[in-house]
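Letter by letter, the chains look like this.
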Amino acid sequence: MLRRLIRRALYMAQTLGIQEPLLVDLAAEVRKHMGGIYPELIDQAALTDTILSQEEDRFRRTLDIGHGLLERLI
């Protein structure tokens, strides 16, 4: 479920023309605002950033490959 949410956000960002990394910066903002209430967000920041960065890289590659295949078929 969480992976689907992440991928939907990345797909929509690409649709809007946003190509630079997005999720790690977004996670930092969430930690800034919610870290006092949920200290585990701060405790697990490095792990969260690593996972988000890897997922973003993988899915952007998948999208690029998929768009390339679609363009060739069209």
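Rules of the game
- Residues numbered from 1 in each chain as written.
- Predicted model: local features only at pLDDT ≥ 70, side-chain atom pairs only at ≥ 80, totals over all residues.
- Heavy atoms only, no water.
- Axes fitted to C-alpha atoms, helices over the stretch in contact; angles between N-to-C directions.
- Helix = DSSP H or I, 4+ residues; strand = E, 2+ residues; numbered from the N terminus.
- Parallel < 35°, antiparallel > 145°, perpendicular 65-115°, else oblique.
- Left-handed = near helix turned anticlockwise from the far one by under 90°.
- Contact = heavy atoms within 4.5 Å.
- Nonpolar A, V, L, I, M, F, W, Y, C, P; charged D, E, K, R; others polar.
- Salt bridge = Lys/Arg side-chain N within 4 Å of Asp/Glu carboxyl O.
- Buried < 20%, exposed > 50% of the residue type's maximum accessible area, 1.4 Å probe, protein only.
- Core = buried A, V, L, I, M, F, W, Y, C linked by side-chain atoms within 4.5 Å.

Just to check I follow, could you spell out the packing of helix 2 (residues 23-34) against helix 4 (residues 45-73) for this structure?
Where helix 2 contacts helix 4, the two axes come as close as 9 Å, and the packing angle between them is 150°. Classed by the angle they form, the pair helix 2 and helix 4 counts as roughly antiparallel. With respect to the hand of their crossing, helix 2 and helix 4 are arranged in right-handed fashion. Residues Leu23, Val24, Ala27 and Arg31 of helix 2 touch helix 4, and the partners they reach there are Ala45, Thr48, Asp49, Leu52, Ser53 and Glu56. Grouping the amino acids of the contact of helix 2 with helix 4 by side-chain chemistry returns 5 nonpolar, 2 polar and 3 charged.

Just to check I follow, could you spell out the packing of helix 1 (residues 2-15) against helix 4 for this structure?
Two numbers describe a pair of packed helices, the interaxial angle and the distance between the axes. The N-to-C vectors of helix 1 and helix 4 enclose an angle of 55°; their axes lie 10 Å apart at closest approach. Considering the angle they form, helix 1 stands oblique to helix 4. As helix 1 runs across helix 4, the sense of the crossing is right-handed. Contact residues: helix 1 offers Arg3, Ile6, Arg7, Leu10, Tyr11 and Gln14, while helix 4 offers Leu52, Glu55, Glu56, Arg58, Phe59, Arg60, Leu63, Asp64 and His67.

Looking at this model, I keep getting lost on the pattern of salt bridges. Mind explaining?
Oppositely charged side chains are able to pair whenever their charged atoms sit close together. Tallied over the entire structure, the rule returns 6 salt bridges. When the shortest N-O distance is used, the salt bridge between glutamate 55 and arginine 7 registers 2.7 Å. Taken together, the positions of glutamate 55 in helix 4 and arginine 7 in helix 1 put the pair 48 residues apart, joining distant regions of the chain. The partner of lysine 32 in a salt bridge is glutamate 29, and the shortest N-O contact between them spans 3.4 Å. In this pair, lysine 32 and glutamate 29 both sit in helix 2, 3 residues apart, roughly one turn of the helix.

I would appreciate a short explanation of the side chain of glutamate 56 in the present structure.
Structurally, the position occupied by glutamate 56 is in helix 4. For glutamate 56, a relative accessible area of 3% gives the class buried. Not counting chain neighbours up to four residues away, the residues in contact with glutamate 56 comprise Leu10, Glu20, Pro21, Leu22, Leu23 and Val24.

Honestly, the nonpolar core in this entry has me stumped. Any pointers?
When a protein is soluble and globular, its nonpolar side chains tend to lie buried together. Core analysis: the biggest nonpolar cluster contains 7 residues, these being Ile6, Leu10, Leu23, Ala27, Leu52, Phe59 and Leu63. Of all elements in the fold, only helix 1, helix 2 and helix 4 reach the threshold of two or more residues within this core. Of all the elements, helix 4 adds the most residues to this core, at 3 residues. Residue contacts for leucine 10: discarding those within four places in its chain leaves Leu23, Glu55, Glu56, Phe59 and Arg60.

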